[in-house]
Amino acid sequence: MSVCLFVCLNVFAQREVKHNIPLNSIRLSDPAILADKRSQTYYMTGTGGLLWKSKDLKFWEGPYHVAKTNPSSWMGPNPMIWAAELHQYKNKYYYFATFTNRDVKIDTVAGNVIERRASHILVSDKPEGPYVPMADDIYLPANKPTLDGTFWVDTNGKPYMVYCYEWLQNGNGTMEKIELKPDLSGSIGEGKLLFKASDSPWSREKDEYGNDKPNKVTDGPYLFKTGTGRLGMIWTSWIYDVYTQGVAYSESGTLDGPWIQEKDPITPPNFGHGMLFKTFEGKTLMSAHSHKKVNDRTVRIPHLFEVDLTGEKLIVKKEYLVE
């Protein structure tokens, strides 16, 4: 990376780092945890672009600023950061996140102004960052709002970003994929539709006449394999005003699907935007967040659930409480 780009990177004022923070004391939307075997450390990030570290999942230290964006890029000097995830791939660490430049408007639909928003990837040599830009300035079209990008290497050995094309513009949110360059430094070709929000049998909302219909939101994809080798995807939408997570399975075993949606949600009401990881002891866990009102403000709290992946399907069991 050039010296010029390093000079242009955002410089964040570091928040006070705290220690021994219980998980349920952290306020975090879209929590994503990387279990890094090299350092025997858990790294948690999510919306806001901050990072927490833990050795045992019970007590955490942070927050740390780790995302260093280029203020001269389309993101602008102070982008909003949503739904960040950390992924280790070929001896590098990658930061998948949604960046929003609120000063740039790309469309107006039904009276709603749509801001410049897109899934993007940063890179680091270390799990704690800093995560910095790579070769390509843009991964996804500038005129489409996209979000919640995640990572998957398909059966053809090629890396992909799976992301949501936001309902604000298309009226029926979609799940899509785009091929990535071998070092993830950019994208190749165009995005391809995997499924639509309206394909869900469990998500619901009311239309303008009060009639039931499928909800329009696609949110928080995350890919996994079951013990029998089935390819699955957890993703989140709404049942009226309740944030809810469901699951779909690919009949072909590849990202191309077809994707068959399970009839029922997989998590309790008011939990969503999950991801999966294995503890250093080999237990599969799901991180997700819940909502609650505190002094008329909505806060989001990270939670862990035990997950059984040994059979044909993902089964979410009880909440995981670290002793």
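Model, not experiment: these values are computed from the prediction.

Caption draft 1: Representation of unusual backbone geometry within the structure. P130 follows G129 through a cis peptide bond whose omega is 5°. By secondary structure assignment, the location of P130 is in the loop between strand 8 (112-124) and strand 9 (146-153). Between G257 and P258 the backbone carries a cis peptide bond, its omega angle lying at 10°. Note that P258 resides in the loop between strand 17 (242-250) and strand 18 (259-261). Backbone geometry places K90, a non-glycine residue, at a positive phi of 50°. Judged by its relative accessible area of 58%, K90 falls in the exposed class. For Y240, which is not glycine, the phi torsion reads 60° and is therefore positive. Relative to the helices and strands, Y240 is located in the loop between strand 16 (231-239) and strand 17. For Y240, a relative accessible area of 38% corresponds to the partly exposed category.

Caption draft 2: Structural detail: the packing of aromatic side chains. Tallied over the full model, the rule gives 11 aromatic pairs. With a centroid separation of 6.2 Å and 65° between ring planes, the pair formed by Y42 and F277 is classed as edge-to-face. Here Y42, found in strand 3 (residues 41-45), pairs with F277, found in strand 19 (residues 271-278); they are 235 residues apart in sequence, far enough to count as distant. Note on accessibility: Y42 and F277 belong to one class, buried.

Caption draft 3: Main features of the pairing of strand 4 (residues 50-54). Of all 5 residues making up strand 4, 4 are buried, and the element is well covered by its neighbours. Two strands pair when backbone bridges link them, and strand 3 and strand 4 are joined in this way by 3 bridges, in the antiparallel orientation. Across the sheet, the residue bridging to M44 is W52, located in strand 4. Here strand 3 folds back onto strand 4, and the loop between the two strands holds 4 residues, one of which, G48, carries a positive phi near 110°. The pairing of strand 4 with strand 5 (residues 59-65) spans 3 bridges and is antiparallel. Counted as the bridge partner of L50 is H65 from strand 5.

Caption draft 4: Main features of the side chain of D148. Its place among the elements puts D148 in strand 9. Of the buried charged residues, D148 lacks a salt bridge, with R117 as the closest side chain of opposite charge at 8.4 Å. Those residues within four positions of D148 in sequence are excluded, and the remaining contacts are A83, T98, S119, V162, Y163, C164, D219, G220, P221 and H273.

Caption draft 5: The arrangement of the pattern of salt bridges in detail. A full pass over the atoms with the stated rule returns 14 salt bridges. Ionic pairing is found between K177 and D256, a salt bridge with its closest N-O pair at 2.9 Å. Remark: D256 occurs in the loop between strand 17 and strand 18 and K177 occurs in strand 11 (residues 174-180); sequence separation between them is 79 residues. A salt bridge links D212 to K206, with the shortest nitrogen-to-oxygen separation between them at 2.9 Å. Classification of D212 by relative accessible area gives partly exposed; the value is 39%. According to the relative accessible area criterion, K206 is partly exposed, its value standing at 47%.

Caption draft 6: Region of the structure containing the sheet that holds strand 20 (residues 284-294). Spatial strand order, 19-20-21-22: 4 strands in an open sheet with antiparallel pairing. Each edge of the sheet is formed by a strand with only one pairing partner; in this case those strands are strand 19 and strand 22 (315-319). Strand after strand, the sheet turns through a mean of 40° between neighbouring axes, direction not considered. Relative to strand 22, strand 21 (residues 297-308) is paired through 3 bridges, and the arrangement is antiparallel. Bridge assignment links F305 to a residue of strand 22, and that residue is E319.

The rules behind the values
Residues numbered from 1 in each chain as written. Predicted model: local features only at pLDDT ≥ 70, side-chain atom pairs only at ≥ 80, totals over all residues. Heavy atoms only, no water. Helix = DSSP H or I, 4+ residues; strand = E, 2+ residues; numbered from the N terminus. Buried < 20%, exposed > 50% of the residue type's maximum accessible area, 1.4 Å probe, protein only. Phe/Tyr/Trp six-rings, centres within 6.5 Å; stacked < 30°, edge-to-face > 60°. Pairing = 2+ DSSP bridges. Lys, Arg positive; Asp, Glu negative; His and termini not counted. Salt bridge = Lys/Arg side-chain N within 4 Å of Asp/Glu carboxyl O. Contact = heavy atoms within 4.5 Å. Axes fitted to C-alpha atoms, helices over the stretch in contact; angles between N-to-C directions.

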